[in-house]
Amino acid sequence: MKSIYNEILQAIAKEEKLLAVLIDPDNTKAESLASFMLKLNTSIATHIFVGGSTVEKGETEKLVKALKKLSDLPIVIFPGDISQITNHADALLFLSLISGRNPEYLIGKHVASISKLRNTNLEVIPTGYLLIENGKETAVQRVSGTEPLKRREVQVIKDTAKAGEFLGMKLIYLEAGSGATHPIESNIISEVKQQIQVPLIVGGGIRSKEALDAAYASGADMVVIGTAFEEDDTFFNKLKRD
Ligand code: 1GP
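- The protein chain appears in an unreviewed UniProt entry as Geranylgeranylglyceryl phosphate synthase from Oceanihabitans sediminis.
- Comment text from UniProt for the protein chain, heading Cofactor (unreviewed entry), reads "Mg(2+)".
- Comment text from UniProt for the protein chain, heading Catalytic activity (unreviewed entry), reads "sn-glycerol 1-phosphate + (2E,6E,10E)-geranylgeranyl diphosphate = sn-3-O-(geranylgeranyl)glycerol 1-phosphate + diphosphate".

Here it is as C-alpha cells:
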C-alpha cells in the first residue's frame with residue numbers, strides 16, 4: 001500500500017524539497033477554490049495540509065472531498081481538534097504538542113480520538129510539534145493554553161526535538177504559528193536538523209520565495225505555507241513547476 005511517509009523519506013533521500021500548502025477550512029471560499037487549486041496544481045507544492053485551530057464541525061470533511069476532486073496531491077489532515085479527522089483524507093499528522101505541558105495536547109486528545117481512528121484507512125503519522133515564540137500570541141498558543149519555546153533557548157528546542165524522536169515520532173514540526181511575524185530562524189532550523197534523523201517540517205510566517213529557500217537551505221525538508229497563499233494566490237506564480 002502507498003505510504004505517504006515512505007514517499008517523504010524517498011523524496012528526501014533524493015535531496016528533493018517538499019512544500020505543503022495549508023488550507024484552513026475556515027478561511028476558504030467555495031467559489032474561489034477551483035481557481036486556487038489550478039494555481040496550486042501547477043506549482044512546486046507536493047502536499048496539501050488541511051486544518052486550523054478552530055474549524056466548524058463537518059467543514060474539514062467537506063473541504064477534503066472537494067479537494068480530492070481538484071488535485072492528485074496527497075491530502076494530509078493537520079488537525080486543531082478531533083472533529084477535523086476525516087477518513088476521506090490520505091494521512092493524519094498525529095500531533096503531540098511537545099513544546100507545551102498541557103496533557104490534553106500531549107496525549108489526552110489522542111486517546112479521545114481512537115474511537116474515530118480505530119477502523120480508519122488514514123495513514124497516521126506521529127509528529128512532534130514544537131511551537132516556537134515569534135513575537136506575538138498565536139492561535140496554537142491560545143487554543144492549547146501552552147507557552148511556546150523561547151527563540152533564544154536553542155538548546156531546549158534541540159533537546160525537545162530529540163526527545164520527540166526518541167519517543168518514536170516520525171516527523172518533527174517547528175511551528176512559528178500561522179501568520180507569524182517572524183518565521184523560524186535559520187540557526188534554529190539548522191541546529192535542530194543536525195540533531196535528528198527524521199524529516200524536519202518548518203512552518204509559520206513564510207511569505208516569500210526567498211524565505212522558503214532560506215528555510216530549505218537551513219535544513220527544512222518540508223515547508224508549510226498557508227497565510228501567504230490565502231492572502232494572495234498569485235504567490236503561486238513565483239513557485240511554478242518547471
Ligand atoms: C501554520 O505552519 C503553518 O500552522 C503555516 O503558517 O499560515 O503563516 O504560512 P502560515
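**Points about helix α3 (residues 59–70)**
- Compared with the 16 Å implied by 1.5 Å per residue over 12 residues, the 17 Å span of α3 between its first and last C-alpha is a close match.
- Among the residues making up α3, those that are buried are T60, L63, V64 and L67. For α3, the angular spread of buried residues about the axis comes to 100 degrees, placing them on one side. Those residues of α3 that are exposed and angled more than 90 degrees off the buried face are K62 and K69.

**With respect to the pairing of strand β5 (residues 123–131)**
- Across the 9 residues that make up β5, a large majority, 7, are buried.
- Relative to β5, strand β4 (residues 91–97) runs parallel, the two sharing 7 bridges. Looking at the pairing, S96 lines up with G128 of β5.
- In the classification by handedness, the crossover that spans β4, the intervening helix α4 (residues 103–117) and the parallel β5 is right-handed.
- Of the strand pairs in this sheet, β5 and strand β6 (residues 171–175) are connected by 5 bridges, and their pairing is parallel. Along β6, the bridge assignment pairs L131 with E175.

**Considering the side chain of S43**
- Mapped onto the fold, S43 is located in the loop between α2 (30–41) and β2 (47–50).
- For S43, a relative accessible area of 0% puts it in the buried group.
- Here A45 takes part through its backbone nitrogen, which lies 3.1 Å from a polar atom of the side chain of S43.

**What about the packing of aromatic side chains?**
- Evaluation of the coordinates by the stated rule reveals 7 aromatic pairs.
- Both rings, one in F78 and one in Y129, keep their centres 5.8 Å apart while their planes meet at 85 degrees; by these two values the pair is edge-to-face. Highlighted residues: F78 in the loop between β3 (75–77) and β4 and Y129 in strand β5, separated in sequence by 51 residues. We note that F78, like Y129, is buried.
- Taken together, the ring pairs in this structure connect F36, F229, F235 and F236 into an aromatic cluster.

**Some points on the packing of helix α6 (residues 154–166) against helix α7 (residues 186–195)**
- In contact at an axis separation of 9 Å, α6 and α7 are set at 35 degrees when each is read in the N-to-C sense. With respect to the hand of their crossing, α6 and α7 are arranged in right-handed fashion. Contact residues: V154, I157, K158, A161, K162 and E165 in α6; N187, I188, E191, V192 and Q195 in α7.
- Broken down by class, the residue content of the contact of α6 with α7 amounts to 5 nonpolar, 2 polar and 4 charged.

**A short note on the UniProt feature "binding site: sn-glycerol 1-phosphate" (unreviewed entry) in the protein chain**
- In the numbering used here, UniProt assigns the "binding site: sn-glycerol 1-phosphate" (unreviewed entry) feature to Y173, L174, E175, A176, G177, S178, G179, G204, G205, G226 and T227. Checked against the lining of the largest pocket, the annotated residues just named reduce to Y173, E175, G177, S178, G179, G204, G205, G226 and T227.
- Residue position: E175 is located in strand β6.
- Since its relative accessible area comes to 5%, E175 is described here as buried.
- With residues up to four places along the chain from it excluded, the contact list for E175 reads F78, Y129, L130, L131, I132, I184, G203 and G204.
- Within the structure, E175 has its side chain in polar contact with the side chain of Y129 (distance 2.6 Å).

Reading the values: rules and limits
- Residues numbered from 1 in each chain as written.
- Predicted model: local features only at pLDDT ≥ 70, side-chain atom pairs only at ≥ 80, totals over all residues.
- Heavy atoms only, no water.
- UniProt positions renumbered as here; feature names shortened; annotations may be inferred.
- Helix = DSSP H or I, 4+ residues; strand = E, 2+ residues; numbered from the N terminus.
- Expected span 1.5 Å × (residues − 1).
- Buried < 20%, exposed > 50% of the residue type's maximum accessible area, 1.4 Å probe, protein only.
- Arc of directions from axis to C-beta.
- Pairing = 2+ DSSP bridges.
- Right-handed = clockwise from strand over helix to strand, strands pointing away.
- Polar contact = N/O pair within 3.5 Å; in protein donor to acceptor, adjacent residues only side chain to side chain.
- Phe/Tyr/Trp six-rings, centres within 6.5 Å; stacked < 30°, edge-to-face > 60°.
- Axes fitted to C-alpha atoms, helices over the stretch in contact; angles between N-to-C directions.
- Left-handed = near helix turned anticlockwise from the far one by under 90°.
- Contact = heavy atoms within 4.5 Å.
- Nonpolar A, V, L, I, M, F, W, Y, C, P; charged D, E, K, R; others polar.
- 1 Å grid on protein atoms, 1.4 Å probe; cavity = no way out; pocket = protein on both sides within 12 Å on 5 of 7 lines; lining within 4 Å.

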